[in-house]
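Coordinate analysis (summary)
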Amino acid sequence: MSSIDDDGLAGAKDWWNRNGKPLLTGALLAAAVVMGWQAWQKYQSNQSQGASGLYQALLETTLTPSGTPDTAKVAELAGKLKSDFGGSAYAQYGSLFVAKVAVDSGKLDDAAAELKSVLDKPADATLGEISRQRLARVLAAQDKAEDALKLLDGDAEKAFLASREELKGDLLVQLGRADDAHGAYEKAKAAMSDDAATGGLQLKLDDLAKGDA
């Protein structure tokens, strides 16, 4: 009986050595992966909530009697967004807000710097195109229409085609290139719905036609 027990114990030990340890190791690794993923998901959720809260606070700086944000508060919140959540969509939308505040204050160089920082490494395609078009408008306001036009070279996604072509038209008008501007406006009109195309864009086309008459 003792020999059988000994053989069984030896067999169990042998099985454990061959199978038990790898199985346990695999189970532990699987558990670690699951726990790691859950921890990562929680971290990401906390990050998103933190960035969202800061961005909301940034937008609320306009909730003043005059509607003019406290520039010091804007700088503080935007700086925290960049330092804690740099490169995230929230941080970059914060930069767009800071650029708007700078434009409203007449600080075009500061606005251009903020927009360029987003354009250089956008968090997504939408942010890239928004920052590109806004930077082009800032450059135009700085009498750098040629530079702004170069910024709009290439193709735009369908959702942004109309606004980019209309902006090109505005820049070409600024440069005195009426025929080219007309072509850009027509491209913008073709990319719009019929209702949208009968608004301000049509007025621009009509103004060009009057200039040719």
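To keep things clear, this report deals only with the structure shown in the data block. On a predicted model such as this, the values are computed, not experimentally measured, just so you know.

Time to look at the overall build of the protein. Scanning the protein for helices and strands turns up 10 helices and 0 strands. Secondary structure elements in the protein, listed N-terminal to C-terminal, are α-α-α-α-α-α-α-α-α-α. Here the protein holds 213 residues, and the buried ones make up 30% of them. Within the protein, contacts between residues separated by at least 24 positions form 46% of all contacts whose residues are at least 6 apart in sequence.

This brings us to the side chain of Q142. By the secondary structure assignment, Q142 is in the loop between α5 (125-141) and α6 (145-151). Judged by relative accessible area, which is 17%, Q142 ranks as buried. Residues in contact with Q142, not counting those within four places in the same chain, are L108 and D109.

Let us now look at the pattern of salt bridges. Enumeration according to the criterion identifies 11 salt bridges in this entry. The closest approach of N and O atoms between E114 and K82, which form a salt bridge, is 3.0 Å. Placement of the pair is E114 in helix α4 (residues 108-120) and K82 in helix α2 (residues 71-85), with a sequence separation of 32 residues. Residue classification places E114 among the buried residues on the basis of a relative accessible area of 16%. For K82, a relative accessible area of 37% translates into the label partly exposed. Between D104 and K100 there is a salt bridge, with its nearest N and O atoms 3.0 Å apart.

Reading the values: rules and limits
Residues numbered from 1 in each chain as written. Predicted model: local features only at pLDDT ≥ 70, side-chain atom pairs only at ≥ 80, totals over all residues. Heavy atoms only, no water. Helix = DSSP H or I, 4+ residues; strand = E, 2+ residues; numbered from the N terminus. Buried < 20%, exposed > 50% of the residue type's maximum accessible area, 1.4 Å probe, protein only. Contact = heavy atoms within 4.5 Å. Salt bridge = Lys/Arg side-chain N within 4 Å of Asp/Glu carboxyl O.

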